[in-house]
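# Coordinate analysis (summary)
One letter stands for each residue in the lines below.
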Amino acid sequence: MDNPKDLGTKCANALAPFMLSLEQLGKSDLIEDYWEVFLMFGAVIQIIDDWQDLEGDLAIGHYSYLTLLPGKLPELRDPKRAARILKVDRLRVSVTYDVSQDMLFQARAIL
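Residues numbered from 1 in each chain as written. Predicted model: local features only at pLDDT ≥ 70, side-chain atom pairs only at ≥ 80, totals over all residues. Heavy atoms only, no water.

Bringing the packing of aromatic side chains into the picture now. Counting across every chain of the model gives two aromatic pairs. Taken together, the ring pairs in this structure connect Phe18, Tyr34 and Phe38 into an aromatic cluster. (Phe/Tyr/Trp six-rings, centres within 6.5 Å; stacked < 30°, edge-to-face > 60°.)

Two elements in contact, helix H1 (residues 12–24) and helix H2 (residues 31–52), have axes whose closest approach is 11 Å; the angle formed by their N-to-C orientations is 155 degrees. Compared by their axis directions, H1 and H2 come out roughly antiparallel. Where H1 crosses over H2, the handedness of that crossing is right-handed. Side by side, H1 and H2 meet where Ala12, Leu15, Phe18, Met19, Leu22 and Glu23 of the first sit next to Ile31, Tyr34, Trp35 and Phe38 of the second. A class-by-class count of the residues in the contact of H1 with H2 yields nine nonpolar, no polar and one charged. (Axes fitted to C-alpha atoms, helices over the stretch in contact; angles between N-to-C directions. Helix = DSSP H or I, 4+ residues; strand = E, 2+ residues; numbered from the N terminus. Parallel < 35°, antiparallel > 145°, perpendicular 65-115°, else oblique. Left-handed = near helix turned anticlockwise from the far one by under 90°. Contact = heavy atoms within 4.5 Å. Nonpolar A, V, L, I, M, F, W, Y, C, P; charged D, E, K, R; others polar.)

Tallying each qualifying case throughout the model produces two salt bridges. For Glu36, the salt bridge identified is with Lys5, shortest N-O distance 2.3 Å. In this pair, Glu36 is assigned in helix H2 and Lys5 in the segment before H1, connecting sequence segments 31 residues apart. Arg92 serves as the salt-bridge partner of Asp89, at 3.3 Å between the closest nitrogen and oxygen. The class for Asp89 is partly exposed, based on a relative accessible area of 24%. (Salt bridge = Lys/Arg side-chain N within 4 Å of Asp/Glu carboxyl O. Buried < 20%, exposed > 50% of the residue type's maximum accessible area, 1.4 Å probe, protein only.)

Structural data, given as structure tokens:
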């Protein structure tokens, strides 16, 4: 929870060709910066995906960044109802928006 950009590691395998290209072009000094940018963009995409998949994840008992945020979770026996409740939880929506926005600002600063 303290490092949401770690969510971006889910797409790490897709970065290998890009990183190898930087190496081949003699620009390996840029790898760390691009890694940070990809992690942050990947994390934002993962948070969006978690919102999209919320009901299905709740149905199979999968916890995500959204459900691990502080705050009381609704009763999970009815995933559809629980997802509806979470999607209107202003604090949860606000936190994920702010975290995502911050990562996008950081990525833009690097670029």
